[in-house]
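Now for the letters of each chain:
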Amino acid sequence: MNILKRFSSKFSIVVLPVLFILALGTVSDAQEADRVYVNSNIYTVDEEFSKASAIAVKDGRFIYVGNDAGVQAYIGPLTFVSDLEGKTVIPGLHDAHLHIRFGERELYPRMPDIRPAIGEWASVERMQEVIKRCLATGEGMRPGPEPRWLVLGGWMSDVWDPPVFRKELIDAVAPNNPVYIRRYTHGSGANSKALELAGISRDTPDPEGGHIKKDKHGEPTGEFVERAPSQLTDLIPPLTPMTDYERSRNLVEGTQLAIARGLTTLHDASRTSYEEVQRRLKLYQVGLLRIRINEMVNENAAKKLGKPLNYKNKFFVQSVKSFLDGALGSRGAHFLEEYSDYPGFFGEPRQSEDKIAQTATELLKIGFNIRVHTIGDAANRIAINAFERALKETGKDGKDARFALEHCQVLSLDDIPRLAELGIVASMQPLHATEDMHFAESRLGPERMKGAYVWKKLLELGVVVATGTDYSVSPYNPFYTLHAAVTRQDRDNNPPGGWFPEQALSREEALRAATMAGAYVMHAEDILGSIEVGKLADFVVIPVDYMTIPAEDIWKIEPEMTVIGGEIVYTKQAQAQK
Ligand SMILES: [Zn+2]
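These numbers come from a predicted model, not from an experiment. (Residues numbered from 1 in each chain as written. Predicted model: local features only at pLDDT ≥ 70, side-chain atom pairs only at ≥ 80, totals over all residues. Heavy atoms only, no water.)

What follows covers the overall build of the protein chain. Secondary structure summary: the protein chain contains 22 helices and 25 strands in total. Taken over the C-alpha trace, the protein chain has a radius of gyration of 25 Å; the compact-globule value for 578 residues is 25 Å, and the two agree within 12%. Looking at the protein chain as a whole, 59% of its 578 residues qualify as buried. Put simply, the protein chain shows about 22,800 Å² of open surface, and 51% of that area lies on carbon and sulfur atoms. Put simply, the protein chain has 67 plus and 78 minus side-chain charges, and the middle of one group is 4 Å from the middle of the other. (Helix = DSSP H or I, 4+ residues; strand = E, 2+ residues; numbered from the N terminus. Rg over C-alpha atoms; globule rule 2.2 N^0.38 Å. Buried < 20%, exposed > 50% of the residue type's maximum accessible area, 1.4 Å probe, protein only. Areas by Shrake-Rupley, 256 points an atom, 1.4 Å probe, with all protein chains shown as cover. Lys, Arg positive; Asp, Glu negative; His and termini not counted. Charge placed at Lys NZ, Arg CZ, Asp CG, Glu CD.)

Below, the structure written as structure tokens:
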């Protein structure tokens, strides 16, 4: 250790050519590591959740995980040795469900969002200010004849008083221009001018897959649940399509933001098309993309590919995304019983059980796992039934299939054990609980809350629970997810004691859900998800001990270094010097 201490400095990479030959004799080529990290507090997230202090990496994989004395045997003349000065190392983090929009949102925004930041809600006043600003500056205004359309996003009315969207709130600042605003999740709203131009009145019937909210006098309020009427959306001039260069730039620069947050694998839940898969593949082939991605493609893309794709363990097309219902906030989720705060309304399924069962069967036969968006208990039940039928039909078991319920937000108590029995993965978003807590109980009522956001209950039954953010619904920061999973609180420590705290995860469980479980759902648990010999060397160096710092500080953790496949792809130091 003296030699190491003398030669290493903070995160510097030190070559120790002659000294170690003298000190250790020769190291065989097979054992000589490219890089060795010592003096660290490593949570390996292996089966025993064991700790280590040193790792050796060769050809992008871990060849040793253990202690500082043991790693000496892997240090040869050309090995870089880094002293991590007692800092903590965790496996590279997965986001098991997000939409890769960093470029479009954070870096090169195309549509104004009224939220002060993603994960924070806008007040009515804030919404009105943003609309006024856009009308004055032209930001977000669509091309076309006067009166021009303004399209923006990000409203969430449940924190307002009263908690309802009404067209008059926008009319007050935009009487002359049509304004269309997307909810932060499914659903949208419009002002009176937009309704007038689209000819939507008290007599307009609900569109397919959507619902026009009307007040007690039968007048449209301006809010649309799920799909808005096409006579309105057809009037909105589209944004100019992004060029190929813009798409590639957004992906390359945007994913670097994720890497800086400690993410090393992204599961893109965007029903990626075949063409987009080909474009992304090219970016990997020329070495421009460094993060690992598992695509959840659309059915056509999977069938056209014919089998799952794995490009150098970097780019995976293993999954297919499908939808069964909408969101809880917009009341698009599909329930067995009516909404507690909207009598007579159950939401609607987007597909039949037969259809999902057939698709799941076809895809499983060619090696893909289907991952279905399910929020309400009825939607979850349809998917579970369909998965059960697909397993029967193909003779495969849950471990072969790895079907997943994406969100898996509200389950009927009868269905909860079925996830364990059928080996279905619950792909959940802890941040949705701490964001939805403002309205979930009024939508669901006390009985249904027993099966809502039940990460712990599922884990205790042996279900694989993988966590993600659903960015850009919620922020993509994985430490926000770990914090919400452990505390069931928002980042202002509300509510005191946590929201249904009995469903909080331990720190170990939360870290497994953000690493190994993500690897499992993409059939990559043999190469990703933990720091173990033979696995790809993905890890994150953080300045504090995740397992022991106060829980309320977990969301504040900022990675100092991210490593993917042994390659240092981010250091805070280098970022600061830019
Ligand atoms: Zn999503």
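On to unusual backbone geometry, then. Across the junction of Tyr 471 and Ser 472, the peptide omega takes the value 15 degrees, indicating a cis bond. Here Ser 472 lies in the loop between strand S22 (465–467) and helix H19 (478–487). Cis rather than trans, the peptide bond between Asn 494 and Pro 495 has omega equal to -10 degrees. As for its position among the elements, Pro 495 is in the loop between H19 and helix H20 (507–513). Positive phi, normally seen in glycine, also occurs at Cys 408, with a value near 45 degrees. Its location among the elements puts Cys 408 in the loop between strand S20 (404–407) and helix H15 (416–422).

We now examine the pattern of salt bridges. Across all of its chains, the model carries 36 salt bridges by this definition. Glu 362 serves as the salt-bridge partner of Lys 303, at 2.7 Å between the closest nitrogen and oxygen. One end of the pair, Lys 303, is in helix H11 (residues 299–305); the other, Glu 362, is in helix H12 (residues 353–365), and 59 residues separate them in sequence. The network of salt bridges with common partners includes Asp 244, Asp 268, Glu 276, Arg 279, Arg 280 and Glu 295. (Salt bridge = Lys/Arg side-chain N within 4 Å of Asp/Glu carboxyl O.)

Relative to the helices and strands, Ser 248 is located in helix H9 (residues 244–260). Judged by relative accessible area, which is 15%, Ser 248 ranks as buried. Setting aside chain neighbours within four positions, we find Ser 248 in contact with Arg 279 and Leu 283. (Contact = heavy atoms within 4.5 Å.)

We now examine helix H13 (residues 377–394). An α-helical segment advances 3.6 residues per turn. Residues three or four places apart therefore align on the same side. The terminal C-alpha atoms of H13 lie 26 Å apart, and with 18 residues this matches the ideal 26 Å at 1.5 Å per residue to within 8%. The element H13 is largely enclosed, with a buried count of 13 among its 18 residues. One or two positions beyond H13, positive phi appears at Gly 395, with a value near 70 degrees. (Expected span 1.5 Å × (residues − 1).)

Next up on the list: the sheet that holds strand S8 (residues 88–91). The six strands are arranged S4-S3-S8-S23-S24-S25 in an open sheet whose pairing can be described as mixed. Only two strands of the sheet have a single neighbouring strand rather than two, namely strand S4 (51–52) and strand S25 (567–571). The pairing of strand S24 (residues 561–564) with S25 spans four bridges and is classified as antiparallel. Paired with Ile 564 across the strands is Glu 567, a residue of S25. (Pairing = 2+ DSSP bridges.)

All right, on to the coordination of the zinc ion then. Protein-derived coordination of the zinc ion comes from His 97 (NE2), His 99 (NE2) and Asp 470 (OD), at a distance range of 2.1 Å. The class of His 97 is buried, set by a relative accessible area of 0%. (Donors = N, O, S within 2.8 Å, 3.2 Å for Na, K, Ca; no water.)

Where H12 meets H13, the closest approach of the two axes is 8 Å, and the angle between their N-to-C directions is 45 degrees. When the axis of H12 is compared with that of H13, the two are oblique. As for how H12 packs across H13, the hand of that crossing is right-handed. Together, Glu 353, Asp 354, Ile 356, Ala 357, Ala 360, Thr 361, Leu 364 and Lys 365 of H12 and Ile 382, Asn 385, Ala 386, Arg 389, Ala 390, Leu 391, Glu 393 and Thr 394 of H13 make up the contact between the two elements. (Axes fitted to C-alpha atoms, helices over the stretch in contact; angles between N-to-C directions. Parallel < 35°, antiparallel > 145°, perpendicular 65-115°, else oblique. Left-handed = near helix turned anticlockwise from the far one by under 90°.)

Formed by 103 residues in total, the largest nonpolar core has its most connected members in Ile 291, Leu 328, Phe 403, Leu 419, Leu 458 and Tyr 546. By residue number, the principal contributor to this core is H13, which donates eight residues. The residues touching Phe 403, leaving out its near neighbours within four places in the chain, are Ala 360, Leu 364, Asn 369, Ile 370, Phe 387, Ala 390, Leu 391, Gly 423, Ile 424 and Val 425. Grouped together as the second largest cluster of nonpolar side chains are 19 residues, Ile 131, Leu 150, Trp 155 and Leu 169 included. (Core = buried A, V, L, I, M, F, W, Y, C linked by side-chain atoms within 4.5 Å.)

What follows deals with the environment of Asp 414. Structurally, Asp 414 can be placed in the loop between S20 and H15. Note on Asp 414: relative accessible area 60%, which makes it exposed. Expressed as a C-alpha distance, the spacing of Asp 414 and Arg 133, which sit 281 residues apart in the sequence, is 51 Å.

In this description, a pair of aromatic rings is defined by centroid distance and the angle of the planes. Evaluation of the coordinates by the stated rule reveals 18 aromatic pairs. Arranged with centres 6.5 Å apart and planes meeting at 35 degrees, the rings of Trp 155 and Trp 160 form a pair that is tilted. Exposure remark for Trp 160: the relative accessible area of 6% places this residue in the buried category. Over the face of the ring belonging to Phe 80 we find Arg 35, whose NZ or CZ atom lies 5.1 Å from the ring centre. Sitting over the ring of Trp 155, Arg 183 keeps its end group 5.2 Å from the ring centre. (Phe/Tyr/Trp six-rings, centres within 6.5 Å; stacked < 30°, edge-to-face > 60°. Lys NZ or Arg CZ within 6 Å of the ring centre and 35° of its normal.)

What follows deals with the environment of Ala 69. By the secondary structure assignment, Ala 69 is in helix H3 (residues 68–71). The sequence separation of Ala 69 and Glu 295 amounts to 226 residues, and the corresponding C-alpha distance is 41 Å.

Moving on, we come to the sheet that holds strand S10 (residues 150–155). Here five strands make up an open sheet; going across it, the order is S10-S11-S12-S14-S13 and the pairing mixed. With one partner strand each, in any of the chains shown, S10 and strand S13 (210–214) form the two edges of the open sheet. Across the sheet, the mean angle separating the axes of adjacent strands is 25 degrees when strand polarity is ignored. Two elements, S10 and strand S11 (residues 179–183), share five bridges in a ladder whose sense is parallel. Bridge pairing in S11 links Trp 155 to Arg 183. Here helix H5 (residues 124–137) sits on the sheet and contacts S10 and S11; the angle it forms with S10, its principal contact strand, is near 155 degrees.

Everything listed here is a matter of coordinates, which is why it stays silent on function.
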